[in-house]
Amino acid sequence: LASLITSVSTNTCTCGIISKRKPLSLQVSALSYQRFIHFAVNETKKHTLLTPSPLQEKYSSMTSMDGKTELKMVSFEAPKIRLLRGLSIQNDAMQVLDFAAFARPEFDVPIFCGNFFSTASFNIVVLDLNPLHNIVENKGYMEKYYKRLMPMGLKYAELFPWGGKLTSESLKFFSPIVIWTKFTSSQYRHDSLYSAFTEYYKVWLELIDQAMEDTDASLIRCNREAQHKYLTWRAEKDPGHGMLKRLIGESLGKDLVRNFLFYGLDELGSKRFLDYFPEYQCEGGTINQKRSMVGKSFESRPWDAKGEFIGNNITV
Ligand code: BLA
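The paragraphs below set out a description of the structure included in this document. (Residues numbered from 1 in each chain as written. Predicted model: local features only at pLDDT ≥ 70, side-chain atom pairs only at ≥ 80, totals over all residues. Heavy atoms only, no water.)

1. Here we look at the site of the ligand
Reasoning step 1: Near the ligand lie 22 residues; those nearest to it are Asn 115, Thr 167, Ser 170, Pro 239 and Arg 291.
Reasoning step 2: Between the ligand and Arg 291 there is a distance of 2.5 Å, counted from an oxygen atom to a side-chain nitrogen or oxygen.
Reasoning step 3: Contact with the protein chains hides 90% of the accessible area of the ligand, taken as 840 Å² for the molecule alone.
Reasoning step 4: Looking at the shell around the ligand, the elements with two or more residues in it are strand E6 (111–119), strand E7 (122–130), strand E8 (166–167) and helix H7 (217–237). (Near = heavy atom within 4 Å. Polar contact = N/O pair within 3.5 Å; in protein donor to acceptor, adjacent residues only side chain to side chain. Areas by Shrake-Rupley, 256 points an atom, 1.4 Å probe, with all protein chains shown as cover. Helix = DSSP H or I, 4+ residues; strand = E, 2+ residues; numbered from the N terminus.)

Below is the structure:
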């Protein structure tokens, strides 16, 4: 990937005009993921009382060690929202968005997840309402949230073809409406991605609006543990960590991941990574550094048009 970025950056001129050598590529700075974050924050304000998160004091902006990359962070909370946070990363060669929104554990609302990695020519996208509970085993959760969202998911599945094989373990965190895609940059694609982001986010806000507070302590415990498991997975295995650490260093990178991006690890539960994912245990009790124990799979979209899981050779 480093070579991809280097080769892309040589095709990007600094004057703001698309390089003549690569007419189809989009100048990275022409595409700003800041716009996506602004949309989400402003839209949320129309629905609820959004207040800055205590994290905002410590995490607002950073510059990479080589001074060439800017990282911007925002974080908020609201009566039903535990954490709404966004990280955007920008330099001459790439743009990254890591945006997520988590309900408070009293609500079983899915997790909003928008993760985009873009160079001038190439994009990797995950956009989803990540299910809090296993939708293959828990049909009720599927019915409650995803059944009626399938038409929207199908519309975007056509616009954004499945991105190919991925870390198999990631799939249990994805829903049947996930947009997992890779594409070559074009204005049309980026506009479509903005539409997808805004539409998915509006849906998430509606789910939050309609969500009824669980009062049963065992349901709340279950929601809390599900969120904690999700945070634990992503804080350990998210594909962006290597790049973050290269940009800002090992210890700041770790801190940003644990205490900003996946804040809640220490608050929502006490289980550790290996308690949830024992298959990663190495001799001596350390965590296997491989991203996946199963390997990559799911060459094509493993859900049918009704949202039934059809990737049966692998259990999620
Ligand atoms: C690639 N990002 C990927 C891939 C996925 C995701 C599935 C393909 C590689 C794989 O199969 O693991 C995203 N995976 C997710 C998400 C979840 C998950 C959202 O399990 C949620 C449960 N990506 C970022 C950030 C950076 C980033 C912040 O979110 C960089 C700072 C980069 N993602 C990034 C890069 C790749 C990638 C560089 C391609 C390289 C690779 O495959 O390792």
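2. Quick notes on the packing of aromatic side chains
Reasoning step 1: Applying the stated criterion to the full structure yields 32 aromatic pairs.
Reasoning step 2: Ring geometry for Phe 112 against Tyr 201: centres 5.0 Å apart, planes inclined by 90°, an arrangement best described as edge-to-face. With a gap of 89 residues between them, Phe 112 in strand E6 and Tyr 201 in helix H6 (residues 187–210) connect regions that are remote in the sequence.
Reasoning step 3: By way of ring pairs, the aromatic residues Tyr 33, Phe 36, Phe 39, Phe 99, Phe 112, Phe 116, Tyr 194, Phe 197, Tyr 201 and Trp 204 are connected into one cluster.
Reasoning step 4: Sitting over the face of the ring of Phe 102, Arg 82 holds its NZ or CZ atom 5.0 Å from the ring centroid.
Reasoning step 5: Of note, Arg 85 hangs over the ring of Phe 262, and the distance from its end group to the ring centre comes to 5.2 Å. (Phe/Tyr/Trp six-rings, centres within 6.5 Å; stacked < 30°, edge-to-face > 60°. Lys NZ or Arg CZ within 6 Å of the ring centre and 35° of its normal.)

3. Looking at the nonpolar core
Reasoning step 1: With 95 residues, the main nonpolar core has Phe 112, Leu 129, Phe 197, Trp 204 and Leu 256 as its most contacted residues.
Reasoning step 2: With eleven residues, the single largest contributor to this core is H6.
Reasoning step 3: Residue contacts for Leu 129: discarding those within four places in its chain leaves Pro 110, Ile 111, Phe 112, Tyr 146, Leu 149, Ser 175, Ile 177, Tyr 200, Val 203, Trp 204 and Leu 207. (Core = buried A, V, L, I, M, F, W, Y, C linked by side-chain atoms within 4.5 Å. Buried < 20%, exposed > 50% of the residue type's maximum accessible area, 1.4 Å probe, protein only. Contact = heavy atoms within 4.5 Å.)

4. Quick look at the pairing of strand E4 (residues 81–90)
Reasoning step 1: Burial runs high along E4: nine of the ten residues are buried.
Reasoning step 2: When strand E3 (residues 70–78) meets E4, the two strands line up antiparallel, connected through eight bridges. Note that in E4 the partner of Ser 75 across the bridge is Arg 85.
Reasoning step 3: The sheet contact formed by E4 and strand E5 (residues 94–103) spans nine bridges and is antiparallel. Counted as the bridge partner of Ile 89 is Val 96 from E5.
Reasoning step 4: In sequence, E4 turns back onto E5 through a hairpin of three residues. (Pairing = 2+ DSSP bridges.)

5. Side note on unusual backbone geometry
Reasoning step 1: For Phe 298, which is not glycine, the phi dihedral falls at a positive 70°.
Reasoning step 2: For Phe 298, the location among the structural elements is in the segment after strand E10 (296–297).

6. Brief notes about the pattern of salt bridges
Reasoning step 1: Taken as a whole and judged by the stated rule, the model has eleven salt bridges.
Reasoning step 2: Among the salt bridges present, the one from Arg 234 reaches Asp 238, with a minimum N-O distance of 3.0 Å. Both residues of the pair, Arg 234 and Asp 238, belong to the buried class. (Salt bridge = Lys/Arg side-chain N within 4 Å of Asp/Glu carboxyl O.)

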